[in-house]
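Residue-level listing of the chains:
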Amino acid sequence: MLGISPKIESLLTSVSDPEIPVLSIMDMGIVRKVELLDDTYNIEITPTYSGCPAMDTIGDDIVTAFKSKGLNATIKLVLAPAWTTDWITERGRKSLEEYGIAAPRSAEVDKAALLGEANTIKCTNCGSLDTKMVSRFGSTACKALFQCNDCHEPFDYFKCLK
Amino acid sequence: MLQEKLYNYLLHLGDNSMILGQRLGELCGHGPELETDIALTNISLDLFGQVRNYFQAAAQLKGGDATEDSIAMLRYEHEYRNTYLVEQPNEDFAHVIARQFFFDVYHQLVLRELMKSKNETLVAIANKSIKEVDYHVDFSSTWIKRLGDGTEVSHAKMQTAVDTLWRYSMELFKATDTEIWAAESGVGADLDKLKPIYLERVSALLEEATLQLPENTVFQYGAKTGMHSENMGFILAEFQYMQRAYPNMKW
Ligand SMILES: [Zn+2]
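Analysis parameters
- Residues numbered from 1 in each chain as written.
- Chains lettered and ligands numbered in written order.
- Predicted model: local features only at pLDDT ≥ 70, side-chain atom pairs only at ≥ 80, totals over all residues.
- Heavy atoms only, no water.
- Helix = DSSP H or I, 4+ residues; strand = E, 2+ residues; numbered from the N terminus.
- Rg over C-alpha atoms; globule rule 2.2 N^0.38 Å.
- Buried < 20%, exposed > 50% of the residue type's maximum accessible area, 1.4 Å probe, protein only.
- Areas by Shrake-Rupley, 256 points an atom, 1.4 Å probe, with all protein chains shown as cover.
- Donors = N, O, S within 2.8 Å, 3.2 Å for Na, K, Ca; no water.
- Tetrahedral: all angles 85-135°; square planar, octahedral: opposite > 155°, others 65-115°.

**Side note on the overall build of chain B**
The secondary structure content of chain B amounts to ten helices and zero strands. Counting from the amino terminus, chain B carries its helices and strands in the arrangement α-α-α-α-α-α-α-α-α-α. Expected size for 251 residues packed as a compact globule is a radius of gyration near 18 Å; at 18 Å, chain B falls within 12% of this value. Projected onto the principal axes, the alpha-carbon positions of chain B cover approximately 55 × 40 × 30 Å. Relative to its full complement of 251 residues, chain B shows a buried share of 55%. Summed over its atoms, the accessible surface of chain B is roughly 11,500 Å², and 52% of this surface lies on carbon and sulfur atoms.

**Points about the coordination of the zinc ion**
All names here are of chain A. For the zinc ion, the protein coordination sphere consists of Cys123 (SG), Cys126 (SG), Cys148 (SG) and Cys151 (SG), at 2.3 Å. Each of the four donor atoms around the zinc ion contributes to a set of angles spanning 107 to 113°, which defines the coordination as tetrahedral. Mapping the donors of the zinc ion onto the primary sequence gives the spacing C-x2-C-x21-C-x2-C. A residue is classified by how much of its surface remains accessible, and cysteine 123, at 3% relative accessible area, is buried. Judged by its relative accessible area of 42%, cysteine 126 is partly exposed.

**Examining unusual backbone geometry**
The step from A:Ala80 to A:Pro81 runs through a cis peptide bond, and the omega angle for that step is -5°. Along the chain, A:Pro81 turns up in the loop between strand 5 (72-77) and helix 4 (90-99). For B:Thr210, which is not glycine, the phi dihedral falls at a positive 55°. In this structure, B:Thr210 sits in the loop between helix 9 (191-208) and helix 10 (230-245).

As structure tokens, then:
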């Protein structure tokens, strides 16, 4: 999508969200544009949530990663088009689940689950569908807190954002 | 001239969210239960994130050495454009929820209008913010219903909060010169148009929550034009302290 070389892609893939270290920024879908002008890579990233405190860190981490390979990078934060959870890649969804965070579902399923109308969010510990929402706001703005009725483990659910 | 009007409009938008965000931030570690504590501070964080977007745009318009931080923290009290509603103290959880609900419904309506603004920056900010604010409305509405239609005690506390705070709600819709300009030029929301929708939504939800809007309310106006309540000085004293005591200090 970005039309970048494998080298640049692997550099960007090496940077992750500090709050979800298993998820690379490429798999999160927040890297929107990479442009080489003169000898500087101008990189556009978009925030997941307006107040996401990780964005500044992510920007710094990208610059540092590029610098470690002797490359220059500048970061620009863009707001439009607004990020959606649909931009999380298949690989990203898998790493989220393995990390213990249930991946976002479609908007309809998400709404029913958050309103407590249907049990559709799978426990990341035992796989049971018998789960309940404990709080719509979890450890970070992008997550809701769930608990499994079978194994009783609490787990995070990455809320659908469209 | 046009730039100055737009700058002022950005302050109107940003200041409400910022002062409410500051009030919610006071609850960090003091929420009635852990999940609610986290929810309220998450909402605060959303609001501050949105404020940063407004004030970064404002700083660009203003030019010179203006930054998002100087706009947020180095103005005098009468230069803040927020309403009385958001500067009201936390009191108890019912007050926190009533204040939030009265603001959220307004906030959601305004953002939906800004999504159609003639100003591209506002469209981008609104498209981003609305996704977050939809959750805020859900959160405060759910609690209004749970407490209003809950126990005798929770109902009484919720009704008291509604009675106390309702008088500050209509200021949200009393357009200042800046807001009239914004509506007429297609940059901002037309508050007159939104007011009946607001009243309908708020009434419907309160009815569902077995709560009532007080009658014969004497609505309070003035904060938006700089005549803030006594609360504002205390909020700003805490909010601005670091930047006033140690100018340009960074984390
Ligand atoms: Zn389980």
